[in-house]
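Observations on the three-dimensional arrangement
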Amino acid sequence: MIRPPLNVLACLLASACATSPETYSSPAERQDLVAAALKADEPERPVEIVETAIPLPLPGQLKPLDPPPPATISSPAEIISKGVHAARFEPTADGYMNAIHVYPYTEGALYCLYASPGQVSDIALQPGEILVSVSAGDTVRWVVGDTSSGSGDDTRTHILVKPVASGLTTNLMIATDRRTYHLELTSLETSYMAALSWRYPADELAILKSRNESARIREAETISPSLNLSDLNFDYRIEGDRPDWRPVRVFDDGRQVFIQMPANLAMTDAPPLFVLGKKGNAELINYRIRGSYYIVDHLFQAAELRLGTAPQTIVRLRRGKEPVGFAALFGDRK
């Protein structure tokens, strides 16, 4: 901000004080004077850095690029090994909930289950999930069975696995009506996982989106959560034209006025609302639209909804009984 020198300000103040009101030709000119107000300096706003400066090499600093490394051809076994290693989910210490290890479900992941001879490991599916088939690579040295718990929508399928010896490995594929699970089974001599289950981030996200959408719909349908039916005043009259957007009803709670519009308001042009003053002059006021309601934050005696120019469609809203001289005051504005 550029500030003038102090001597310039002093001259300006002296000239302003020396000017007398009689120098103006009429009172109307004196009414044009507006009192000056102090304005604080606006702080500098941060600048968004789009790209940082990169020093350019000088001609003497240019160097030839290194040749690219020769392409290596991997065998199918190496490619498979790398793919399986990248897709494998191992148990972690923070993945346990009591004795149950919970994996995050991801399509195509390979989940590790460690079992032990003489111990049964439980693979619990999602409640309500229906088992289609179970296939194990080694059905001779691994015992695989299924059972269920709960009832109704809470019915839960359990796959039970048990090795006959330690040092064994195989894979297990579980197909359900919702998804497919791939597991890698390993038998240890002493340690084993008592139970295994999954959490489903995609389902949790879908449920959250559904709840948000339901909450948004409820909020749109609710004009005000603090309305008390005993405080509502429906003593309003709707007059004038009868367009498709003509209000259904008008009421207030002593503080706000609620104008209920037809349900198809979103499919038509929403008319602006004007409040009529004491002399019949129309003033555009602030209001908000929630769902199919116009909400005005103060009471009014008369208002109009207008749309178009020639001819203009007008719907009048009047509060209470018509006072004496109301028609003469506002006239027929149709």
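The following paragraphs examine the structure supplied in this document. (Residues numbered from 1 in each chain as written. Predicted model: local features only at pLDDT ≥ 70, side-chain atom pairs only at ≥ 80, totals over all residues. Heavy atoms only, no water.)

Attention now goes to the side chain of Ser 187. Structurally, Ser 187 can be placed in strand E10 (residues 180-187). Here Ala 165 takes part through its backbone oxygen, which lies 2.9 Å from a polar atom of the side chain of Ser 187. (Helix = DSSP H or I, 4+ residues; strand = E, 2+ residues; numbered from the N terminus. Polar contact = N/O pair within 3.5 Å; in protein donor to acceptor, adjacent residues only side chain to side chain.)

Moving on: the sheet that holds strand E15 (residues 273-276). Pairing is antiparallel across the open sheet formed by five strands, whose spatial order is E12-E20-E19-E15-E16. In the strand order of this sheet, the two ends are held by strand E12 (236-240) and strand E16 (282-284), each with one partner. Taken pair by pair, the neighbouring strands of this sheet meet at an average axis angle of 30°, ignoring direction. Pairing of E12 with strand E20 (residues 313-319) involves five bridges; the strand directions are antiparallel. (Pairing = 2+ DSSP bridges. Axes fitted to C-alpha atoms, helices over the stretch in contact; angles between N-to-C directions.)

Right, let's talk about unusual backbone geometry for a bit. The phi dihedral of Asn 98 is positive, around 60°, even though this residue is not glycine. Mapped onto the elements of the fold, Asn 98 is located in the loop between strand E2 (96-97) and strand E3 (100-104).

Further remarks concern the sheet that holds strand E1 (residues 88-89). One open sheet accounts for five strands, arranged E1-E4-E10-E9-E6; its pairing is mixed. The open sheet has two free edges, formed respectively by E1 and strand E6 (131-136), since each of these has just one partner strand. The sheet contact formed by strand E4 (residues 110-115) and E10 spans six bridges and is parallel. Across the sheet, Tyr 111 pairs through a bridge with Leu 183, a residue of E10.

The next thing to look at is the pattern of salt bridges. When the charged atoms of two side chains with opposite charge come close together, those side chains can pair. For the structure on display, the rule yields 10 salt bridges. When the shortest N-O distance is used, the salt bridge between Arg 255 and Asp 253 registers 3.7 Å. A salt bridge links Asp 297 to Arg 288; the nearest nitrogen and oxygen atoms lie 2.9 Å apart. With relative accessibility at 46%, the residue Asp 297 sits in the partly exposed group. Relative accessible area serves as the criterion here: at 40%, Arg 288 is assigned to the partly exposed category. (Salt bridge = Lys/Arg side-chain N within 4 Å of Asp/Glu carboxyl O. Buried < 20%, exposed > 50% of the residue type's maximum accessible area, 1.4 Å probe, protein only.)

Moving on, we come to the environment of Tyr 294. Relative to the helices and strands, Tyr 294 is located in strand E18 (residues 293-296). Taking the relative accessible area as the measure of exposure, Tyr 294 reaches 0% and is therefore buried. In the structure, Tyr 294 is positioned 22 residues away from Pro 272 in sequence and 9.9 Å away in space, judged by C-alpha atoms. Apart from residues no more than four positions distant in its own chain, Tyr 294 is found in contact with Val 257, Phe 258, Ile 259, Met 261, Leu 265, Ala 270, Pro 271, Leu 273, Tyr 287, Arg 288, Ile 289 and Leu 305. (Contact = heavy atoms within 4.5 Å.)

Turning our attention to the side chain of Ser 116. As for its placement among the helices and strands, Ser 116 is situated in the loop between E4 and strand E5 (121-124). Residue Ser 116 is classed as buried on the basis of its relative accessible area, which comes to 2%. What Ser 116 contacts, discounting residues up to four positions off in sequence, is Pro 163, Leu 188, Glu 189, Thr 190, Ser 191 and Tyr 192.

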